[in-house]
Each structure stands twice: as C-alpha cells, then as structure tokens.
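Understanding the architecture of this molecule
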Amino acid sequence: MIFAVKDGCFGYDQRMILNNINIQADRGEILAVLGPNGAGKTTLLKCMMGLLPWAKGKSLLDGTDMQRLSRKALWKRMAYVPQAKGCPMAYTAEEMVVLGRSVHLSVIAQPTKADYAKAHQAMELVNIGHLQKKLCSRMSGGELQMVLIARALAAQPDILILDEPESNLDFKNQLIILETMKRLASEEKLCCIFNTHYPDHALKIADRALLLDKNGTSIFGRTEEIINRENMRQAFEVDVCISNLKNEEGEFLFVVPLSLV
C-alpha cells in the first residue's frame, strides 16, 4: 500500500495556502505534518482525504486517483481520527467504536455479533477494553481520544489519519497516543499520518515529515533531515536548539525554542 499526494494545491478566495504538495507514505510508516498556526495543516488532511477538493493535483492510493474510488471503497481503506473535544452524546465506548463498522454495512443494516467482535478487538488493540461500558460524555480527553482511535481501527483501514491526536493532553496521555501510533505502524503495518504542533513528537516516532510555512511552501523528507535549525527558523520564525538526550531507553532528539527572529 502506498499513499501519495502529487502536486497538491488548495486555497481560499484565490489565495493559495497549499502549493505543490508532494508526499508519499508506505505501509507501516508514520508521516508527521508540522507547521505554524494558519499554515494549513488540518486543511491539508482534509484535502488528502477528499473532504476538500484539490484546486490542482491529486491524492493517490496505490497509484490510483482517489477521486476515481467510490466513497465507501475509500473509507474501507482510510480512517480519520478528529481531535477529541468532548462528546455530549450518551454513547458508551462500545457503541462509539462499533460505529466504525458502518463502512462495512448497508444503510439500514444493524451491527452484527461479528461487527461487535471487531469493535472489541479494536478496543483491545489500544488497551481500552475496560472502558467498554463507560459513557463517552464522562471520559477524560485521553480516554476519549483512544476511543476515537479504536472507532477508526474498527473499520480495519490501511491508512489512519489523525488530527493533532496528542494536543490538549497531559504528558502521560501524549506518550500513550504516540506509543499507540508507533505500535500500530510497526505491528499492524498501518500507515499513520498525523499533524502536530510538537516537533519533538515527530522526531520521536515519524519516519517522514512534511513541514509547511505560512507562505504556502513546504519541504518533505526524512524527519531528522527536515526538522533542523534552519528549516524551523524559516517555518516558525523562531531560533531553536536541537539537542540529543540519552538515557537507558535510547537516544532522543528534542527541540527547544530560544527566541523570535
């Protein structure tokens, strides 16, 4: 499985905010999308999925223009995890996750025992089986984010797209989300694409990175090559220090913002 965007462009009111986006992500890889506020990270995800039409260019799945696929065929292979901002509806975690099976059902069909089994497998995959009967409206942000990931996994996709999955979470829940994405890519061979405000997180788990700036330009490549002092200065208008940290678990790169430029 190979997902790619070729020459993708998008804008509002004749102003292009995304220009000539060219990316590729393979099965089992993680791609991080970074950039300052207003650079178009969430817009890019929507264009990639076909929720917004490219003004120019296209999204490709195994070399096929995604516009040529039916919506049902596409969403059997691709799943989207929005930001968890609370759930006012009185769904249990089980009920929320089984909604992910809808792409495999007809319009009037009800979930079967097999669908519930797939939902339970998805919950166990992200270690939230114990939340099965808990109301989503009573969950913490971290719990709800994991439920949304499980809902996406219940569809059994090849590609998982996540919109700032670790934002507004504490350190522990951020690590749970990052480790879950890393495990899904390495063990389940999912292609995971996520946008983030944290370059440290991209350096920790992403194989490749796309860095956007407010001028509509972008650079794409191996994460450790894209996230450097010069590129961060250009995109974020800040001077940074990128350093190594070693401990018993290994060696890590982290980014510290120093000053405005």
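Refer to the structure above for everything that follows.
Residues numbered from 1 in each chain as written. Predicted model: local features only at pLDDT ≥ 70, side-chain atom pairs only at ≥ 80, totals over all residues. Heavy atoms only, no water.

At a closest axis distance of 8 Å, the pairing of helix α4 (residues 113-125) and helix α5 (residues 141-154) adopts a crossing angle of 135°. Relative to α5, the element α4 lies oblique. Judged by the sense of rotation from one axis to the other, the crossing of α4 with α5 is right-handed. Where α4 approaches α5, its residues A119, A122, M123 and L125 are matched on the opposing element by A150, L153 and A154. (Axes fitted to C-alpha atoms, helices over the stretch in contact; angles between N-to-C directions. Helix = DSSP H or I, 4+ residues; strand = E, 2+ residues; numbered from the N terminus. Parallel < 35°, antiparallel > 145°, perpendicular 65-115°, else oblique. Left-handed = near helix turned anticlockwise from the far one by under 90°. Contact = heavy atoms within 4.5 Å.)

Below, the discussion takes up the sheet that holds strand β3 (residues 30-34). If you trace the six strands from one edge of the open sheet to the other, you get β6-β7-β8-β3-β9-β10, paired in mixed fashion. Whereas interior strands pair on both sides, the edge strands pair on one side only; in this sheet they are β6 (78-81) and β10 (218-222). For this sheet the average axis-to-axis angle between neighbouring strands, irrespective of direction, equals 15°. Pairing geometry for β3 and strand β9 (residues 208-212), over four bridges, is parallel. Note on β9: the bridge partner recorded for A32 is A209. Relative to the sheet, helix α1 (residues 41-49) contacts β3, β6, β7 (159-163), β8 (191-195) and β9, its axis offset from that of β7 by approximately 155°. (Pairing = 2+ DSSP bridges.)

Under the criterion given, the structure shown has one aromatic pair. Geometrically, the ring pair formed by F10 and Y12 is edge-to-face, given 5.0 Å between the ring centres and 90° between the ring planes. (Phe/Tyr/Trp six-rings, centres within 6.5 Å; stacked < 30°, edge-to-face > 60°.)

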